[in-house]
Amino acid sequence: WLLFVSAVFVYFSDLCERKSDSAEAAAALDGSRADLADAMTARRGERSRQSSSRRRSTKQEGLIKRIMKNVMPGNPNGPGEMGKAVVLSGDEEQQAKDSFNINQFNLLVSDRVALNRTLPDVRMSECKKKTYPALDTLPKVSVVIVFHNEAWSTLLRSIHSIINRSPLELLEEIILVDDKSEDKFEHLKDKLEKEVPNFVEVPVRLFRMPSRTGLIRARLKGAKEAKGEILLFLDAHIETTEGWLEPLVTRIAEDKKRVVCPIIDVISDDTFEYITASDMTWGGFNWKLNFRWYTAPNRELVRRNHDRTQPLQTPTMAGGLFAINRDYFYELGAYDEGMDVWGGENLEFSFRVWQCGGTLEIVTCSRVGHVFRKSTPYKFPGGTATVINHNSRRVAEVWMDEYKEFFYAMNQNAKSIALGDISERLANREKLGCKSFQWYLETIYPESIIPVKFKSLGEIKNPSTNRCLDTYSRKTGEPVSSSMCHGFGGNQAWAFTANGEIENDELCLDTSSSSTPIRMNTCHRRKEYQEWKYDPATKQIVHVIFNMCLSAAVDTSSPDGMRVYPCQTGDALQVWEVAGYKS
Ligand code: UD2
Ligand code: MN
């Protein structure tokens, strides 16, 4: 077998020679070669620890096969190498379209990209210089990947990238949990079972859920099987990059109450190009309880002494990619088993970590790519909206105290969706002595779209026209409108904040000119043209800078031209009922 291995080396140096004309290709090869060298050293150590010679020889055979497969992508300039975009020909484009909806990403392209493709080292340069504790002093990691109807190439590329780019000393195992993929995804049946033992560098263990449980319960199964001191959850369509693991593990080794995420880079769902994401982004959420990325505020940079390589504390995480000390995971109460399929668990876990004494951070020296999809390829048994609202209700009811009303204001239908039993989750919150949601908003997330202090939440109605302020689902920069009051919240749900904003989700009423229609702009919290004052006696809503009054549109057939006019007592168009207003 030694011959074999040296053959690999020879082949490789040969490639290097031939490719040295292109700087990029050389860099690509350098990366792979370093990978190989690292992996070889690590594997050698692994082998010397083996005691049974029989096991050793099968391991080595597998090892050689694996090295052949991993290190010889054939063509270092092949499709997608170095994370480049794959370009299809016209005919292929059509073919790609036909199979796109199987996974909601370009399957043709994914299948064409090598399972062990090279990626650039995308870390900030300061990150590359950092050193970490000796590997044998760090805790070991159990990677948990759950999947439902995943494509072969993305799943296998995920596994290969983990093995090829992690110090093997840190990997206890990779646990795969099949959340009852449909039969037509044949590659996930026998073929996967045959493939799994081929991974000799790290044990890859495959478990099957007896029925479709959703990603939350599937992850719980993975966690239960895990032997490593650290649990590291990943989606099934990711690629790790150089140096991704050490910084994550080190943070937890230093303090087990840290829950850590890598920066999640983007693998294009169309070209599979590896696109770096900003290191200045953190996680938030809106009134609908959707997870959202926002630019992190300057105060967080100040807290880190302007060192962007320091971990960034984030109010929430996206949910798919994070590591946590296994004991701490259970101390915190693992996951809410009452949540189905997809959604909600990411915010639930984020709130819980912060409110119950942990910290949640994005380790900016660790980067993992993820195929972000525009829609979900798989079915939601029970209906998509029902499932997601069920999960979100559980988040709101368990963690958000009085602020849960923001969720219901946006989503009154949710109230009629079954919540299930949350007594055990509430008991857990009680037992852990967790802080209030108000504390979370004030301390961790004062920039939240949910205002910490507000005077009303509900409709804002002009009784003379019986019309209510309405966003018409418009976007930022567009004019606010009005329509017949319907009492269902949503587009007619407004918060009058203590700061003087009139706000629906992330949009605030804003006008920088008294002669143009009032617009809805992203709330900036600096008051300025977004500051209003309500006078409960006259029922007028006054724009503070102009000292003029919000006036309902006279022409109800075109209600968009709503403006501020000089305040006039007795003008019925300037009378507003602000539901539930408390001064
Ligand atoms: C994001 C998270 C995802 C999860 C989700 C909210 C990232 C990158 N991804 O959505 O991990 O937190 O938000 O719930 O932060 N799966 C199952 N069973 C199911 C449904 C999904 O096993 O019933 C698997 C799926 O194959 C995938 C993982 O769960 O490996 C996450 O699902 P996704 O990729 O559809 O979620 P995503 O990335 O849109
Ligand atoms: Mn995903």
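These numbers were taken from a predicted model, which means no experiment stands behind them. (Residues numbered from 1 in each chain as written. Chains lettered and ligands numbered in written order. Predicted model: local features only at pLDDT ≥ 70, side-chain atom pairs only at ≥ 80, totals over all residues. Heavy atoms only, no water.)

1. Points about the site of ligand 1
Of all residues adjacent to ligand 1, which total 24 residues, the nearest are D179, R219, G343, E345 and Y378. Within the backbone of V146, an N or O atom sits 2.8 Å from an oxygen atom of ligand 1. Here an oxygen atom of ligand 1 and a side-chain polar atom of W342 are 2.9 Å apart. Burial of ligand 1 by the surrounding chains reaches 94%, relative to a free accessible area of 730 Å². Of all the cavities here, the one that holds ligand 1 is the largest pocket. Of all the elements in the fold, those that place two or more residues in the shell around ligand 1 are strand 1 (141-147), helix 9 (215-225) and helix 13 (345-355). Looking at the shell around ligand 1 residue by residue, the classes come out as nine nonpolar, eight polar and seven charged. (Near = heavy atom within 4 Å. Polar contact = N/O pair within 3.5 Å; in protein donor to acceptor, adjacent residues only side chain to side chain. Areas by Shrake-Rupley, 256 points an atom, 1.4 Å probe, with all protein chains shown as cover. 1 Å grid on protein atoms, 1.4 Å probe; cavity = no way out; pocket = protein on both sides within 12 Å on 5 of 7 lines; lining within 4 Å. Sits in = over half its atoms within 2 Å of the grid points. Helix = DSSP H or I, 4+ residues; strand = E, 2+ residues; numbered from the N terminus. Nonpolar A, V, L, I, M, F, W, Y, C, P; charged D, E, K, R; others polar.)

2. Quick look at the coordination of the manganese ion (ligand 2)
In this structure, D235 (OD), H237 (NE2) and H370 (NE2) serve as the protein donors to the manganese ion (ligand 2), at separations of 2.2 Å. When the donor residues of the manganese ion (ligand 2) are listed from N- to C-terminus, their spacing reads D-x1-H-x132-H. Of this pair, D235 sits in the loop between strand 4 (230-234) and strand 5 (238-240) while H370 sits in strand 12 (residues 359-371), placing them 135 residues apart in sequence. (Donors = N, O, S within 2.8 Å, 3.2 Å for Na, K, Ca; no water.)

3. Topic: the packing of aromatic side chains
Under the criterion given, the structure shown has 29 aromatic pairs. Relative to Y335, the ring of F329 lies with its centre 5.7 Å away and its plane at 85°, an arrangement referred to as edge-to-face. Feature note: the residues W282, F285, W287, F351, Y403, F406, F437, Y440, Y445 and F454 constitute an aromatic cluster, connected by ring pairs. The side chain of K191 reaches across the aromatic face of W152, ending 4.1 Å from its centre. Against the face of Y408 rests K415, its NZ or CZ located 4.8 Å from the ring centre. (Phe/Tyr/Trp six-rings, centres within 6.5 Å; stacked < 30°, edge-to-face > 60°. Lys NZ or Arg CZ within 6 Å of the ring centre and 35° of its normal.)

4. Observations concerning the pattern of salt bridges
Scanning the entire structure with this criterion turns up 40 salt bridges. The closest approach of N and O atoms between R123 and D121, which form a salt bridge, is 2.7 Å. Relative accessible area serves as the criterion here: at 16%, R123 is assigned to the buried category. Residue class for D121 comes out partly exposed when judged on its relative accessible area of 30%. For E300, the salt bridge identified is with R304, shortest N-O distance 3.9 Å. Comparing E300 with R304, the two get one shared label, buried. (Salt bridge = Lys/Arg side-chain N within 4 Å of Asp/Glu carboxyl O. Buried < 20%, exposed > 50% of the residue type's maximum accessible area, 1.4 Å probe, protein only.)

5. Things to note about the sheet that holds strand 15 (residues 467-470)
Spatially, the four strands line up as an open sheet ordered 16-15-14-25, and their pairing is antiparallel. Edge strands, defined here as strands with exactly one partner in the open sheet, are strand 16 (481-484) and strand 25 (577-578). (Pairing = 2+ DSSP bridges.)

6. Overview of the state of the cysteines
Enumeration over the complete set of coordinates arrives at five disulfides. Here C127 connects covalently by a disulfide to C365, the sulfurs 2.0 Å from one another. What sets the handedness of the C127 and C365 disulfide is the S-S torsion sign, and at about -75° it is left-handed. Here C365 lies in strand 12 and C127 lies in helix 6 (residues 125-129), a separation of 238 residues in the sequence. Residue C549 pairs covalently with C567 via a disulfide, S to S 2.1 Å. (Disulfide = S-S within 2.5 Å.)

7. Here we look at the sheet that holds strand 19 (residues 507-510)
Within the open sheet, the five strands sit side by side as 13-17-18-19-20. Their pairing is antiparallel. Two strands lie at the open edges of the sheet, namely strand 13 (454-458) and strand 20 (519-522), each paired on one side alone. Neighbour-to-neighbour, the strand axes of the sheet open up by a mean angle of 30°, direction not taken into account. Pairing analysis gives four bridges linking strand 19 to strand 20, with the strands arranged antiparallel. (Axes fitted to C-alpha atoms, helices over the stretch in contact; angles between N-to-C directions.)

8. With respect to the side chain of D279
With respect to the element layout, D279 can be found in the loop between strand 7 (274-275) and strand 8 (281-285). With relative accessibility at 7%, the residue D279 sits in the buried group. A distance of 2.9 Å separates polar atoms of two side chains, one belonging to D279 and the other to R308. Setting aside anything within four residues of it in sequence, one finds D279 in contact with M124, I263, R308, L312, T364 and R367. (Contact = heavy atoms within 4.5 Å.)

9. Examining the layout of surface pockets
Of the pockets and cavities examined, the largest pocket occupies roughly 1,200 Å³. What lines the largest pocket is a set of 49 residues, and nearest its centre among them are D235, A318, W342, T376 and Y378. Tallied by class, residues from the lining of the largest pocket come to 21 nonpolar, 18 polar and ten charged. (Points joined across faces, edges and corners; volume = space filled by probe spheres on them.)

10. Re the nonpolar core
Of all hydrophobic cores here, the largest spans 66 residues; its most connected members are F285, F322, I324, F329, F349, F351 and Y440. One finds L156, L170, I264 and V363 within the second-largest nonpolar core, a separate group that totals 40 residues. (Core = buried A, V, L, I, M, F, W, Y, C linked by side-chain atoms within 4.5 Å.)

11. What to know about the confidence of the model for the protein
Confidence along the protein averages 89 in pLDDT terms, with 87% of residues attaining 70 or more. Across residues 1-57 the pLDDT falls below 50, and counting only partners more than four positions away or on other chains, this stretch makes 54 contacts in the model. Taken together, the chains of this predicted complex give a pTM of 0.88 and an interface ipTM of 0.99. (pLDDT = per-residue confidence, 0-100.)

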